[in-house]
Amino acid sequence: ETSVRRPCCPPPASAQAAPPGRQGAMTAAPASGDGDRSRSPVQVASWQASNGFPDDTGSAHGSGTSRTNGSSCKGGLGSVDVPLQSGQPVQFWYEADPAHRATPLACPLPLTGCGPQIRQSHGWLEGTLTASWSLQNYDLNKMETWPFVLPSQSIMFKDRTSHKAPSALGPRRLQPWRVRLPSSEPPELSVLLVRWNGEHQINAGVEGDGGWGKFGCPPCDDYVSCMVSTGVYGHPALGGADRCQGSFEIFSLFVKHSRDMLESAPMAPWMVAHMKGRKKVSFWLLWPAEWEDAGGADYAGYIEKRAMFGTMRAYEAAGLRSGFPHPADLYELITSKSWLCSLALHPQAHCPAATLVSKGSVTGGGAAQAARKALTALEQIRRRNPFPCKPGERPAPSNINKNGVQKGVVKLGWSWEGRFVLSFESERELAQRLTEILTTPGCMASTCIVQEWVDFDFEMRLYLLPPDDWQPGVWLAPAKVECNSWGGFSEEGRPHTFRKLTEEQCLEWWEQDVDALKHATTEATELGQFLLAWLLCMDAQPVPMVRMDFMISRLGKGQARVVFGEYCELGACCLAWENGPPTIWRAALDSALK
C-alpha cells in the first residue's frame, strides 16, 4: 500500500487526542398531533438533520443520506386507497446516517457493558398508526396529513457512543412511502457492517497525493455513509429505480478493539438467524494488523489479525458470507504478502525473488546468520527462476544485483503505507533491518519477507473486476489504470514522497514514448490474467475486484519492463479514480446478491 493509511506500529510516548467528531445530544422528536401541526416540513427537516434522520421533504443531510423527493415515491401507504384507522398495525422504514454518531439505532440484541454492540440502522420495523389516515387527504406540504406512526414499544433504540440505557421511540410523522401494511416479504439482502467504534474516530480521507479522496477509507464513518447512500440505495435490486424500494436491511457490529472482536464471535449464530434477507453478507470495514492494540488516534481502525480472521471465520461458519473485502482465507492471504514468496518461482508471475525469515532465526540463531541465509535463499530462487531479460537489455530485475543479491527490502505482512518496508544494501545492513523490524516493541509478527531489489521508474496500478460469470480464456481488461511514483528511500531505509501521476506526467518522464507506455500497460494486463487465475487456485469464487500494482521501467524506444509488486484487496485506495469506490461497492453488492 501507499501512504494512504496511517502507520500500524507501537504507540508514541503520548498519544494525540482525537479530532472533534460529530457529537451532540439528541433533541426531542415530534411527539403529539398538536405539536406536529405547529411544525412545518422545513422545521421537521431541521430536527431530523440534527439527529441524523432522513429528510422526508426531499433534501439530504449528512455525508451520505441522499434520497429522492418522497413525493415521487408511490410505494407503501402511497398506493393504499382504503382509509386506515388508528391502531392499524404497520411497518415503517427506518434509516439513520452511518456518519452521525448520535443517531439512535435499533437494538436487536440489547447488550449492556462495554463490549461489542449490534445495532440496526436500516430496515422495515413494526409500528402502529396512532391516528386515522387517508391517501385522499394527504398533502406533502401539510405535515398533519402525513401518517402518524408509533414505533413498537418493544423495539429499543440507543446511539453508538453514549452510556444511556436503550429506550423506545415516540410517535412520528412519516411520508406515506415510508410506511406500509405488515408484510412477511423478506428483503433481497441483509448486510452486517463490521465497524470501528473506538475512542478515536477515523477522519474522512483528504485530497492530495497521499489521501483517500472524498469518500475516505473503509473504516471511516463517511465512507460507510456514502457506501450506503450511493452503493446500497443506488442498486436497482435494493433501492429500486426511485431509491425508495427499501429491499434491504443493514446491521452494524461495532467494536473498539481486538478484544471486542473476539467477544463478538459467539454472536454469529444468533446474528445470522436474526437476518431476514434472501441473501446475507458481511462487510468487514477494518484493517488486520500484527501488532498489539495501541491507543491514540493514529491507531484507530486496526484489529489484531488473529482476532480479525478468527471472527470472520466464525461468522462464515454460521452461514454469513464475507463480501467485503474477501472471504477470510483469501483476505488473510492477500494482506499477509506471503503470496510473494509462493509466486517467486513462477516465471509467468514476473515477481522478484523473495523468502520468509522467521523471528526465531533472528532472535535465536543470530541476525547475522539469518541475513546470510536469506541472501543465499534469494540467490538460489533467482537462479532457479531467472527473470526474463532479452539480449541487449539491462540486467533484471536490477542492475546492482547482476553479480549476486546484495540489495533488497525487508517488509512485514499486515502493515500499511510502506511503514514497515526497509531497504538494505549489504548482508550487515540486512541483519540490522531484520532485528529492527522483528523486535520492535508491540510487533507480533513471526516472520518477515526479504525481497531482492527492483529497478523501476514508477508504479502502475490495475483495477480488475472479474464478472461473476467470467469464462475461462476470456481476456479481462482493467476497469482503470493509475500510476504513481516514490521519491526514494530515506537514510533509515524507508520509502518516502508518494506522488500520483497523470498519463501526461508519465509520458513526460518517458520522453513522450507513447509506445513504451502502451507496451507496459499491455504487459501488466497480460500478467494480470495469470495472477487472477492464481487467485482462483486459492478460492474458486472470482474476486469481485482486486487491485494489482506493477513496477515498470522503460528499457528503450517502445519497450518497457514490468515486475509484479502487490495484490491489494477490494476496498484498497483508488488514487485519482473518483468513481472507483462506487464501482467497487456495486461489484461487491452484485456478488453478494448472486
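Reading the values: the criteria
- Residues numbered from 1 in each chain as written.
- Predicted model: local features only at pLDDT ≥ 70, side-chain atom pairs only at ≥ 80, totals over all residues.
- Heavy atoms only, no water.
- Helix = DSSP H or I, 4+ residues; strand = E, 2+ residues; numbered from the N terminus.
- Buried < 20%, exposed > 50% of the residue type's maximum accessible area, 1.4 Å probe, protein only.
- Contact = heavy atoms within 4.5 Å.
- Areas by Shrake-Rupley, 256 points an atom, 1.4 Å probe, with all protein chains shown as cover.
- Axes fitted to C-alpha atoms, helices over the stretch in contact; angles between N-to-C directions.
- Parallel < 35°, antiparallel > 145°, perpendicular 65-115°, else oblique.
- Nonpolar A, V, L, I, M, F, W, Y, C, P; charged D, E, K, R; others polar.
- Polar contact = N/O pair within 3.5 Å; in protein donor to acceptor, adjacent residues only side chain to side chain.
- Left-handed = near helix turned anticlockwise from the far one by under 90°.
- Expected span 1.5 Å × (residues − 1).
- Arc of directions from axis to C-beta.
- Salt bridge = Lys/Arg side-chain N within 4 Å of Asp/Glu carboxyl O.
- Core = buried A, V, L, I, M, F, W, Y, C linked by side-chain atoms within 4.5 Å.
- Lys, Arg positive; Asp, Glu negative; His and termini not counted.
- Pairing = 2+ DSSP bridges.

Draft legend 1. Structural context of the overall build of the protein. When its secondary structure is counted, the protein shows 14 helices and 22 strands. Taken over 594 residues, the protein has a buried fraction of 55%. Considering only intrachain contacts with a sequence separation of at least 6, the fraction spanning at least 24 residues in the protein is 73%. As displayed, the protein offers around 23800 Å² of accessible surface, 52% of which is attributable to carbon and sulfur atoms.

Draft legend 2. Structural view of the packing of helix H6 (residues 305-317) against helix H7 (residues 328-336). At their nearest, the axes of H6 and H7 sit 9 Å apart, and the two run at 155° to each other. The angle between H6 and H7 places the two elements in the roughly antiparallel class. Taken together, the residues of H7 that come into contact with H6 (itself represented by Lys305, Met308, Phe309, Met312, Arg313 and Glu316) are Ala328, Asp329, Tyr331, Glu332 and Thr335. When the residues that make up the contact of H6 with H7 are grouped by side-chain class, the tally is 5 nonpolar, 1 polar and 5 charged.

Draft legend 3. Geometry of the side chain of glutamine 120. Residue placement: glutamine 120 occurs in strand E3 (residues 117-129). On the accessibility criterion, glutamine 120 (7% relative accessible area) is buried. In this structure the side chain of glutamine 120 is engaged in a polar contact, spanning 3.0 Å, whose partner is the backbone oxygen of histidine 122. Ignoring sequence-local partners within four residues, the contact set of glutamine 120 consists of Tyr94, Leu105, Ala106, Pro108, Leu125, Glu249, Ile250 and Phe251.

Draft legend 4. Representation of unusual backbone geometry within the structure. In this structure, the amide linkage connecting phenylalanine 324 to the following residue, proline 325, adopts the cis form with an omega of -5°. Tracing the backbone through its elements, the reader meets proline 325 in the loop between strand E13 (321-324) and H7. Note that the residue after alanine 396, namely proline 397, is joined by a cis bond; omega there is -5°. Within the secondary structure layout, proline 397 lies in the loop between helix H10 (367-384) and strand E15 (408-411). One non-glycine residue, arginine 243, lies in positive phi territory at about 65°. Relative to the helices and strands, arginine 243 resides in the loop between helix H3 (221-232) and strand E9 (248-255). One non-glycine residue with positive phi stands out, namely glutamine 512, at about 60°. Along the chain, glutamine 512 falls in the loop between helix H12 (503-509) and helix H13 (514-538).

Draft legend 5. Molecular detail of the packing of H3 against helix H14 (residues 580-592). The N-to-C vectors of H3 and H14 enclose an angle of 65°; their axes lie 10 Å apart at closest approach. Considering the angle they form, H3 stands roughly perpendicular to H14. At the point where H3 passes H14, the crossing takes the right-handed sense. Judged by residue contacts, Tyr223, Cys226, Met227, Thr230, Gly231 and Val232 of H3 engage Pro582, Trp585 and Leu589 from H14. Its residues assigned to classes, the contact of H3 with H14 shows 7 nonpolar, 2 polar and no charged.

Draft legend 6. Examining H10 more closely. In this model H10 runs 26 Å from its N-terminal to its C-terminal C-alpha over 18 residues, within 8% of the 26 Å that 1.5 Å per residue would give. Residues of H10 that are buried: Ala367, Ala370, Ala371, Ala374, Leu375, Leu378, Ile381 and Arg382. The arc that holds every buried residue of H10, seen down its axis, measures 135°, which confines them to one face. H10 presents Lys373, Thr376, Arg383 and Arg384 as exposed residues on the side facing more than 90 degrees away from its buried surface. Buried residues along H10 sit in contact with strand E14 (354-358), helix H9 (359-363), strand E16 (421-424), helix H11 (427-438) and strand E17 (447-452).

Draft legend 7. Layout of the pattern of salt bridges. According to the stated counting rule, one finds 25 salt bridges in the structure shown. Its salt-bridge partner being arginine 313, residue aspartate 329 comes within 2.8 Å of it at the nearest N-O pair. Residue aspartate 329 is located in helix H7, and its partner arginine 313 is located in helix H6; the two are separated by 16 residues in the primary sequence. Of the residues examined, aspartate 329 reaches a relative accessible area of 51% and is grouped as exposed. Arginine 461 serves as the salt-bridge partner of glutamate 459, at 3.5 Å between the closest nitrogen and oxygen. For the pair formed by glutamate 459 and arginine 461, the shared burial category is buried.

Draft legend 8. Local environment of the nonpolar core. The biggest cluster of nonpolar side chains holds 94 residues, and the ones touching the most others in it are Phe283 and Leu434. Considering each element in turn, this core owes the most residues, 7 residues, to H10. For phenylalanine 283, the contacting residues outside a window of four places in its chain are Val191, Leu192, Leu193, Val194, Met227, Gly323, Phe324, Ala588 and Leu589. Counting residues in each nonpolar core, the second largest holds 40 residues, with Ala349, Trp510, Val543 and Met548 among its members.

Draft legend 9. Spotlight on the side chain of arginine 180. By the secondary structure assignment, arginine 180 is in strand E7 (residues 179-180). Summary of buried charges: arginine 180 has no salt-bridge partner, and the nearest side chain of opposite charge, glutamate 126, is 6.9 Å away. A polar side-chain atom of arginine 180 sits 2.7 Å from a polar atom in the side chain of glutamine 91.

Draft legend 10. Just the sheet that holds E16, in detail. Read across the open sheet, the 4 strands follow the order E14-E17-E15-E16; overall the sheet is antiparallel. Both outer strands of the open sheet, E14 and E16, are each paired with one neighbouring strand and no more. On average, each strand axis in the sheet is tilted by 25° relative to the strand beside it, whichever way the strands run. Here 4 bridges tie E15 to E16, and the two strands are oriented antiparallel to one another. What sits directly across from lysine 411, in E16, is valine 421.

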